[in-house]
Amino acid sequence: MSAAASLPDVPGSAPPPSVALTGPALTRLALAREEVDRSAHLRNDQAWLDAAWADQRTRVLVVEHGQALCEFGTEQARLGFVAPAQAPDGVRFLLGVDDEAVAYFGVAGALADPPGPGFRPAYLREAGPLLSDRDAGLLTHAVALGNWHETFTHCPRCGSPTDPFSSGHARRCPVDASEHFPRVDPAMIVLVTDPLDRALLARNALWPERRVSILAGFVEAGESAEQAVAREVAEETGIAVSAVTYLGSQPWPMPQSLMLGFRAAADGSQEIEVDANEIAEANWYSRDELTAAIASGQLRLPPPVSIAHRIIESWYGRELPGSW
Ligand SMILES: [Zn+2]
């Protein structure tokens with residue numbers, strides 16, 4: 001029987017899951033928000049770039065070792081921009097242009113002294129959730145590029161120092177003309193549930209007592225994200241999973257990851273055998289057991305900025321208490 005023959009014949013009914021195109025289940029992740037258009041078509045337009053840099057409305061976000069100046073208020077924060085004339089030396093990158101034609105650049109350079117009370121240098125992990133969509137997107141973009149320019153300074157082919165081009169979104173070797181692009185390391189993170197809908201939570205061997213999360217690991221060379229899910233879960237806990245479902249993604253440029261979120265079902269044995277090198281302990285928790293473990297101080301969960309928090313929350317069904 002062909003796939004078409006199995007389609008429902010009711011007018012307007014939904015297509016079967018195998019052909020359904022749906023958006024990610026997790027939206028508005030703290031670091032996956034964006035408002036300013038990246039304007040990639042302008043990155044090599046030198047006349048436009050020169051004019052934008054000379055425009056008094058242009059705003060520059062300086063990032064240094066993953067930090068930027070932020071102004072903190074009550075339960076919110078905003079970025080501290082400088083005018084182009086006040087920007088320090090350093091690699092310059094075009095972050096984008098907003099709806100009112102204001103250009104935003106980043107510069108990887110020395111942070112200025114805080115311009116007033118309330119301003120201080122902050123990492124993305126702290127400021128990200130408190131920023132507006134516009135500022136969260138700009139800071140995530142700028143930190144990712146800043147980290148890359150700080151680290152990948154030489155040609156991997158011949159060892160010569162490379163030069164930024166394309167408004168800081170690429171680097172080129174002056175000796176062999178090879179071009180190099182920002183490195184992003186895909187990592188998967190997965191909530192595994194058993195037939196009783198209990199969640200598998202584990203403590204990494206490097207973490208302090210009581211801190212737990214869902215399982216995560218880097219996607220290896222020549223491996224799909226779904227294959228990485230099954231391999232990591234089996235390696236770390238001895239659990240076999242099926243029905244791997246994609247939930248959404250969030251950049252995590254600390255220094256260069258992209259977190260790919262999944263759910264997976266453990267239909268077979270629920271007996272856990274931890275890899276003691278990576279995992280100190282792992283256990284199944286019902287929602288009630290998790291609630292009680294957090295209330296008693298026995299467990300602490302990841303902070304809201306993380307995709308782990310959002311994935312656990314999507315299973316838990318309401319706001320999570322007790323984060324790190
Ligand atoms: Zn080279």
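If you're wondering where the values come from, they're calculated on a predicted model, not measured in any experiment. (Residues numbered from 1 in each chain as written. Predicted model: local features only at pLDDT ≥ 70, side-chain atom pairs only at ≥ 80, totals over all residues. Heavy atoms only, no water.)

Undergrad: What's the story with the side chain of Arg171 in this structure? I'm lost.
TA: By the element assignment, Arg171 lies in strand S8 (residues 170-172). No salt bridge is formed by the buried Arg171, whose closest oppositely charged neighbour, Asp163, lies at an N-O distance of 5.9 Å. Polar contacts involving the side chain of Arg171 include one to the side chain of Thr162, which spans 2.8 Å. In contact with Arg171, not counting residues within four places along its chain, are Val91, Trp148, His149, Phe152, Thr153, Thr162, Asp163, Pro164, Phe165, Ser178, Glu179 and His180. (Helix = DSSP H or I, 4+ residues; strand = E, 2+ residues; numbered from the N terminus. Buried < 20%, exposed > 50% of the residue type's maximum accessible area, 1.4 Å probe, protein only. Lys, Arg positive; Asp, Glu negative; His and termini not counted. Salt bridge = Lys/Arg side-chain N within 4 Å of Asp/Glu carboxyl O. Polar contact = N/O pair within 3.5 Å; in protein donor to acceptor, adjacent residues only side chain to side chain. Contact = heavy atoms within 4.5 Å.)

Undergrad: I tried to follow the confidence of the model for the chain on my own but got confused; where do I start?
TA: Interpretation of this model should avoid reading the predicted coordinates in detail wherever pLDDT is low. Within the chain, residue pLDDT values average 92, and 92% of them lie at 70 or more. Predicted confidence is poor over residues 1-21, with pLDDT under 50, and the contacts of this stretch with residues over four places away or in other chains come to 6 contacts. (pLDDT = per-residue confidence, 0-100.)

Undergrad: Can you help me understand the coordination of the zinc ion in this one?
TA: Protein coordination at the zinc ion: the donors are Cys155 (SG), Cys158 (SG), Cys173 (SG) and Asp176 (OD), at 2.2 to 2.4 Å from the metal. One way to put it: the 4 donor atoms around the zinc ion meet at angles of 100 to 119 degrees, and that makes the site tetrahedral. All donors to the zinc ion come from one chain, and their sequence spacing reads C-x2-C-x14-C-x2-D. One end of the pair, Cys155, is in the loop between helix H3 (133-151) and strand S7 (163-165); the other, Cys173, is in the loop between S8 and strand S9 (179-180), and 18 residues separate them in sequence. (Donors = N, O, S within 2.8 Å, 3.2 Å for Na, K, Ca; no water. Tetrahedral: all angles 85-135°; square planar, octahedral: opposite > 155°, others 65-115°.)

Undergrad: So what exactly am I meant to see when it comes to helix H5 (residues 287-295) here?
TA: At 3.6 residues per turn, the α-helix brings residues three or four places apart onto the same side. Along H5, the positions that sit buried rather than exposed are Leu290, Ala293 and Ile294. For H5, the angular spread of the buried residues around the axis is 95 degrees, confining them to a single face. Opposite the packed face of H5, turned more than 90 degrees from it, sit the exposed residues Asp288 and Ala295. For H5, the secondary structure elements touched by its buried residues are strand S11 (199-204), strand S15 (279-285) and helix H6 (307-316). Once H5 finishes, Gly297 follows within two positions and takes phi at roughly 80 degrees, a positive value. (Arc of directions from axis to C-beta.)

Undergrad: Explain the nonpolar core to me, please; I cannot follow it from the model alone.
TA: The tendency in soluble globular proteins is for nonpolar side chains to be buried side by side. Counting residues in each nonpolar core, the largest one holds 52 residues, and the members touching the most others are Leu139 and Leu290. It is H3 that contributes the most residues to this core, 7 residues altogether. When near neighbours in sequence (up to four residues on either side) are disregarded, Leu290 contacts Leu201, Tyr285, Leu299, Leu301, Ile312, Trp315 and Tyr316. Val192, Ala228, Ala264 and Ile279 belong to the second-largest nonpolar core, a separate cluster that totals 20 residues. (Core = buried A, V, L, I, M, F, W, Y, C linked by side-chain atoms within 4.5 Å.)

Undergrad: How should the environment of Gly297 be read in this particular structure?
TA: Note that Gly297 resides in the loop between H5 and H6. For the pair Gly297 and Val190, spaced 107 residues apart in sequence, the C-alpha to C-alpha distance is 24 Å.

Undergrad: Explain the pattern of salt bridges here, please?
TA: Once their charged atoms are close, side chains differing in charge can pair, the charge on each being opposite to the other. Counted under the stated rule, the structure contains 17 salt bridges. The partner of Glu126 in a salt bridge is Arg120, and the shortest N-O contact between them spans 2.7 Å. Here Glu126 falls in the partly exposed class, since its relative accessible area comes to 36%. Its salt-bridge partner being Arg203, residue Glu281 comes within 2.9 Å of it at the nearest N-O pair. Here Glu281 is found in strand S15, whereas its partner Arg203 is found in strand S11, with 78 residues between them in sequence. Classification of Glu281 by relative accessible area gives partly exposed; the value is 35%. Residue classification places Arg203 among the buried residues on the basis of a relative accessible area of 10%.

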